[in-house]
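Inside the fold
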Amino acid sequence: MPELPEVETTRRGVAPRVVGRRIAAVRVYDRRLRWPVPGGLARLLQGRTIERVDRRSKYLLFAIGDGTLLVHLGMTGSLRVFTTPPPRRPHDHADLVLDDGTVVRYHDPRRFGAILWVPDASAHPLLRHLGPEPFDAAFDADHLWRVTRGRRVAIKQALMDNHLVVGVGNIYANEALFRAGIRPTMAAGRLSKPRLARLVDAVRDVLTEAIAKGGSTLRDYVDSSGEPGYFQLDYHVYGREGDPCRVCGTSIRHVRQGQRASFYCPRCQR
Ligand SMILES: [Zn+2]
């Protein structure tokens with residue numbers, strides 16, 4: 001599933017090719033995504049200029065005139081840019097054709113993604129209740145401390161709650177907790193502010209590293225025939241049940257939390 005680093009890399013790959021360009025045509029081949037692609041999309045977008053490509057959580061936001069084209073990649077979606085588009089393949093569901101002939105193509109085999117027109121992005125139900133971005137100043141130890149006081153929810157589940165902070169998926173939550181030395185099952189409300197401060201740093205570090213890895217794949221988003229890849233960090237705990245901890249040698253353990261797999265070192269993480 002595309003996580004925040006993949007979505008941010010998509011944004012960085014696509015934005016330089018589309019910002020400032022006018023939309024010449026919109027072709028929707030299959031409207032049946034997670035929600036139907038709006039029927040009048042071509043009429044809404046034709047002739048307008050793409051002013052910016054932003055990201056909020058895992059949503060790509062194309063600022064276009066008085067509204068926003070919201071794109072979510074779902075489980076299997078990808079967005080790529082072609083100067084000369086190849087013939088359509090199965091699961092290519094929509095093309096945005098720009099005034100210089102560039103084509104932005106949405107591909108999504110499982111169709112859990114979304115393409116929506118949103119007049120006011122900050123007030124949209126998908127976006128308005130989201131917590132701060134992990135790289136925003138608003139995401140700090142004070143914030144985490146405030147929103148977790150008195151709560152018995154495990155810190156890993158708190159970290160993956162989009163109301164508290166967005167874009168920390170399962171892999172990154174596992175890895176950040178290892179780096180911060182915090183056991184995933186620890187009650188969020190019992191963590192001290194200094195430990196939460198370490199966790200904030202660790203979240204930013206793992207995401208920064210993943211985005212940096214994505215940088216080397218930026219070319220895959222333009223005129224490439226293959227699918228953009230996912231970024232494999234050198235995981236310390238994720239998927240390493242029974243393997244020795246890279247720091248202390250203790251066997252990594254596995255536990256399920258709210259249907260998600262958690263991995264931790266019983267010695268390094270308390
Ligand atoms: Zn260890």
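Notes on the structure follow. (Residues numbered from 1 in each chain as written. Predicted model: local features only at pLDDT ≥ 70, side-chain atom pairs only at ≥ 80, totals over all residues. Heavy atoms only, no water.)

1. Observations regarding the coordination of the zinc ion
- All of the protein donors around the zinc ion are Cys245 (SG), Cys248 (SG), Cys265 (SG) and Cys268 (SG); their distances to the metal are 2.2 to 2.4 Å.
- Classification of the site at the zinc ion as tetrahedral follows from its 4 donor atoms and the range of 99 to 113° in their angles at the metal.
- When the donor residues of the zinc ion are listed from N- to C-terminus, their spacing reads C-x2-C-x16-C-x2-C. One end of the pair, Cys245, is in the loop between α6 (193-215) and β9 (253-257); the other, Cys265, is in the segment after β10 (260-264), with 20 residues separating them in the sequence. Across the pair, Cys265 and Cys245 agree in class, each one buried. (Donors = N, O, S within 2.8 Å, 3.2 Å for Na, K, Ca; no water. Tetrahedral: all angles 85-135°; square planar, octahedral: opposite > 155°, others 65-115°. Helix = DSSP H or I, 4+ residues; strand = E, 2+ residues; numbered from the N terminus. Buried < 20%, exposed > 50% of the residue type's maximum accessible area, 1.4 Å probe, protein only.)

2. Structural notes on the packing of helix α3 (residues 141-148) against α6
- Running from N to C, α3 and α6 cross one another at 120°; their axes reach a closest spacing of 8 Å. Compared by their axis directions, α3 and α6 come out oblique. Two packed elements cross with a definite hand, and for α3 against α6 that hand is right-handed. Of the residues in α6, those in contact with Ala141, Asp142, Leu144, Trp145 and Thr148 of α3 are Lys193, Leu196, Ala197, Leu199 and Val200.
- Grouping the constituent residues of the contact of α3 with α6 by class yields 7 nonpolar, 1 polar and 2 charged. (Axes fitted to C-alpha atoms, helices over the stretch in contact; angles between N-to-C directions. Parallel < 35°, antiparallel > 145°, perpendicular 65-115°, else oblique. Left-handed = near helix turned anticlockwise from the far one by under 90°. Contact = heavy atoms within 4.5 Å. Nonpolar A, V, L, I, M, F, W, Y, C, P; charged D, E, K, R; others polar.)

3. Here we look at the pattern of salt bridges
- Evaluation of the coordinates by the stated rule reveals 17 salt bridges.
- Across the salt bridge formed by Asp30 and Arg32, the nearest N and O atoms sit 3.0 Å from each other.
- For Asp30, a relative accessible area of 15% translates into the label buried.
- Of the residues examined, Arg32 reaches a relative accessible area of 55% and is grouped as exposed.
- When the shortest N-O distance is used, the salt bridge between Arg52 and Asp54 registers 3.1 Å. (Salt bridge = Lys/Arg side-chain N within 4 Å of Asp/Glu carboxyl O.)

4. Let's talk about the nonpolar core
- Of all hydrophobic cores here, the largest spans 29 residues; its most connected members are Ile155, Leu159, Val168, Tyr172, Ile182, Leu199 and Val203.
- For this core, the secondary-structure elements that each account for two or more residues are α3, α4 (155-159), α5 (170-180) and α6.
- Top element by residues in this core is α6. It accounts for 8 residues.
- Each residue touching Ile155, except ones within four places of it in the same chain, is listed here: Leu177, Ile182, Arg183, Pro184, Met186, Ala188, Leu191, Leu196 and Leu199.
- Within the second largest apolar cluster, 28 residues are counted, among which are Val7, Ile23, Leu73 and Tyr106. (Core = buried A, V, L, I, M, F, W, Y, C linked by side-chain atoms within 4.5 Å.)

5. Topic: α5
- Judged by how many residues are buried, α5 sits mostly within the fold: 10 of 11 residues are covered.
- Packed against the buried residues of α5 are α1 (4-18), α4, α6 and β10.
- One or two steps after α5, the chain reaches Gly181, where phi turns positive at roughly 70°.

6. Considering α1
- Its 15 residues place the ends of α1 21 Å apart at the C-alpha level, agreeing with the 21 Å of an ideal helix rising 1.5 Å per residue.
- Burial within α1 is extensive, with 11 of its 15 residues counted as buried.
- All of the buried residues along α1 are Leu4, Pro5, Glu6, Val7, Glu8, Thr9, Thr10, Gly13, Val14, Ala15 and Val18.
- Positioned one or two residues after α1, Gly20 has a phi angle of 90°, which is positive. (Expected span 1.5 Å × (residues − 1).)

7. Brief notes about the sheet that holds strand β8 (residues 114-118)
- The strand order across the open sheet built from 4 strands is β2-β3-β4-β8, with neighbouring strands paired in antiparallel fashion. The open sheet terminates on both sides in strands that have one partner only, identified here as β2 (50-56) and β8. Across the sheet, the mean angle from the axis of one strand to that of its neighbour is 20°, orientation sign disregarded.
- Examined bridge by bridge, strand β4 (residues 67-72) and β8 share 5 bridges and lie antiparallel to one another. Among the inter-strand pairings, Val71 is bridged to a residue of β8, identified as Ile115.
- The sheet contacts of α1 involve β2 and β3 (59-64), and relative to β2 the element is tilted by about 175°. (Pairing = 2+ DSSP bridges.)

8. Here we look at the sheet that holds strand β6 (residues 92-98)
- Spatial ordering of the open sheet is given by β1-β6-β7-β5, a layout of 4 strands whose pairing is antiparallel. Two strands close off the open sheet at either side, each with one partner strand: β1 (23-28) and β5 (78-82). Sheet twist, expressed as the mean angle between neighbouring strand axes with direction ignored, is 15°.
- Two strands pair when backbone bridges link them, and β5 and strand β7 (residues 103-107) are joined in this way by 5 bridges, in the antiparallel orientation. Paired with Phe82 across the bridge in β7 is Val103.
- Contacts from α1 reach β5, β6 and β7 within the one sheet, and its direction differs from that of β5 by about 30°.

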